[in-house]
Amino acid sequence: MERTLIIVKPDAVQRGLTGEIIKRFEARGLKIIGLKLLQVDRALAEKHYDVHRERPFFAALVEYITSAPVVVMALEGSDAIAAARATIGATTPSEAAPGSIRGDLGLEIGRNLVHGSDSVENGELEVANFFSAGELLSGWARAVDGWVFEYQTP
Ligand code: IDP
Ligand code: MG
């Protein structure tokens, strides 16, 4: 089972879309193993987006993600990384497919509503950056697990 970190970004929280966004990941079958509201501080923002440090939009990106509260989720599931990225849609919302979160709910790259980890390795690292071990309930079984996962339960 893979893990992905999802961030419901400040614009989505401010627009009252938190429930709408969580609903889509839940309906996909991904299991919530961690969930909380927080305001990202500059140090955590710079760590999370370190790969973009040299990009021209880095300062604006840190400003955006620290500007208001976010809701972060750790999700678990088979192919969780690819499934979540598909549910999120392309980075530029105006180009994202209808049916995806960004394609249905957004317009601009600098206000693209949601983050999802881009690799199995980054999923593990990002979940650990945002959640302590005690905040993650990895072992819990859902009644539907056997109807979502054919061969295994997380
Ligand atoms: P992703 O969120 O789809 O994985 P990344 O390329 O990893 O996209 O970029 C991280 C975030 O940085 C994007 O979600 C977006 O908020 C922001 N970003 C990326 N490229 C640009 C840009 O060209 N202008 C403004 N913001 C950008
Ligand atoms: Mg990314």
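All of the points below concern the structure found in this document. Quick caveat, the model's predicted, so the values are computed rather than measured.

## As for helix H5 (residues 80-88)
Okay, so step 1: Within the sequence span of H5, burial applies to Ala80, Ile81, Ala83, Ala84, Thr87 and Ile88.
Okay, so step 2: Close packing links the buried residues of H5 with strand E1 (2-8), helix H2 (18-28), strand E3 (70-77), helix H6 (101-105), strand E4 (114-116) and helix H7 (120-130).
Okay, so step 3: Positioned one or two residues after H5, Gly89 has a phi angle of 95 degrees, which is positive.

## Here we look at the site of ligand 1
Okay, so step 1: The immediate surroundings of ligand 1 are formed by Lys9, Tyr49, His52, Phe57, Leu61, Arg85, Thr91, Arg102, Ile109 and Asn112.
Okay, so step 2: Take Thr91: an N or O atom from its side chain is 2.5 Å from an oxygen atom of ligand 1.
Okay, so step 3: Between ligand 1 and Ile109 there is a distance of 3.4 Å, counted from an oxygen atom to a backbone nitrogen or oxygen.
Okay, so step 4: Classifying every residue of the shell around ligand 1 by side-chain character gives 4 nonpolar, 3 polar and 3 charged.

## Quick notes on the nonpolar core
Okay, so step 1: Counting 20 residues, the largest nonpolar core has Leu5, Ile7, Val72, Phe130 and Phe131 as its most contacted members.
Okay, so step 2: Sorting the residues of this core by element identifies E1, strand E2 (31-38), helix H3 (42-48), helix H4 (58-66), E3 and H7 as the ones contributing at least two each.
Okay, so step 3: When residues of this core are assigned to their parent elements, the largest contribution, 5 residues, is made by H4.
Okay, so step 4: In this structure, Leu17, Ile22, Leu30 and Val71 belong to the second largest nonpolar core, which totals 19 residues.

## Brief notes about the side chain of Glu76
Okay, so step 1: Relative to the helices and strands, Glu76 is located in strand E3.
Okay, so step 2: Within the structure, the side chain of Glu76 is placed 3.1 Å from the side chain of Arg3, a separation counted as a polar contact.
Okay, so step 3: Engagement of the side chain of Glu76 in a polar contact is seen with the side chain of Ser138, the distance being 3.2 Å.

## What about the packing of aromatic side chains?
Okay, so step 1: Per the counting criterion, the structure on display carries 0 aromatic pairs.
Okay, so step 2: Taking the ring centre of Trp140 as reference, the NZ or CZ of Lys31 above it sits at 5.7 Å.
Okay, so step 3: Note that Lys36 overlies the ring of Phe131, its terminal NZ or CZ placed 4.9 Å from the centroid.

## Thoughts on unusual backbone geometry
Excluding glycine, a negative phi dihedral is what most residues carry, and trans is how most peptide bonds are arranged.
Okay, so step 1: Even without a glycine there, the phi angle at Asp79 is positive, about 55 degrees.
Okay, so step 2: On the secondary structure map, Asp79 appears in the loop between E3 and H5.
Okay, so step 3: Overall, the relative accessible area of 52% leaves Asp79 in the exposed class.
Okay, so step 4: Notably, Leu113 is not glycine yet its phi reads approximately 75 degrees, a positive angle.
Okay, so step 5: Relative to the assigned elements, Leu113 resides in the loop between H6 and E4.

## Considering a nonpolar patch on the surface
Okay, so step 1: A cluster of nonpolar side chains, namely Val144, Trp147 and Val148, defines an oily patch on the protein surface of about 360 Å² accessible area.
Okay, so step 2: Among the secondary structure elements, Val144 is positioned in the loop between H7 and helix H8 (145-148).
Okay, so step 3: Under the relative-accessibility criterion, Val144 is labelled partly exposed at 42%.

Cut-offs and rules
- Residues numbered from 1 in each chain as written.
- Chains lettered and ligands numbered in written order.
- Predicted model: local features only at pLDDT ≥ 70, side-chain atom pairs only at ≥ 80, totals over all residues.
- Heavy atoms only, no water.
- Buried < 20%, exposed > 50% of the residue type's maximum accessible area, 1.4 Å probe, protein only.
- Helix = DSSP H or I, 4+ residues; strand = E, 2+ residues; numbered from the N terminus.
- Contact = heavy atoms within 4.5 Å.
- Near = heavy atom within 4 Å.
- Polar contact = N/O pair within 3.5 Å; in protein donor to acceptor, adjacent residues only side chain to side chain.
- Nonpolar A, V, L, I, M, F, W, Y, C, P; charged D, E, K, R; others polar.
- Core = buried A, V, L, I, M, F, W, Y, C linked by side-chain atoms within 4.5 Å.
- Phe/Tyr/Trp six-rings, centres within 6.5 Å; stacked < 30°, edge-to-face > 60°.
- Lys NZ or Arg CZ within 6 Å of the ring centre and 35° of its normal.
- Patch = residues over 30% accessible without salt bridge, like charges linked within 9 Å, V, L, I, M, F, W, Y side chains within 5 Å.
- Areas by Shrake-Rupley, 256 points an atom, 1.4 Å probe, with all protein chains shown as cover.
- Salt bridge = Lys/Arg side-chain N within 4 Å of Asp/Glu carboxyl O.

Just distances and angles here, no functional claims.
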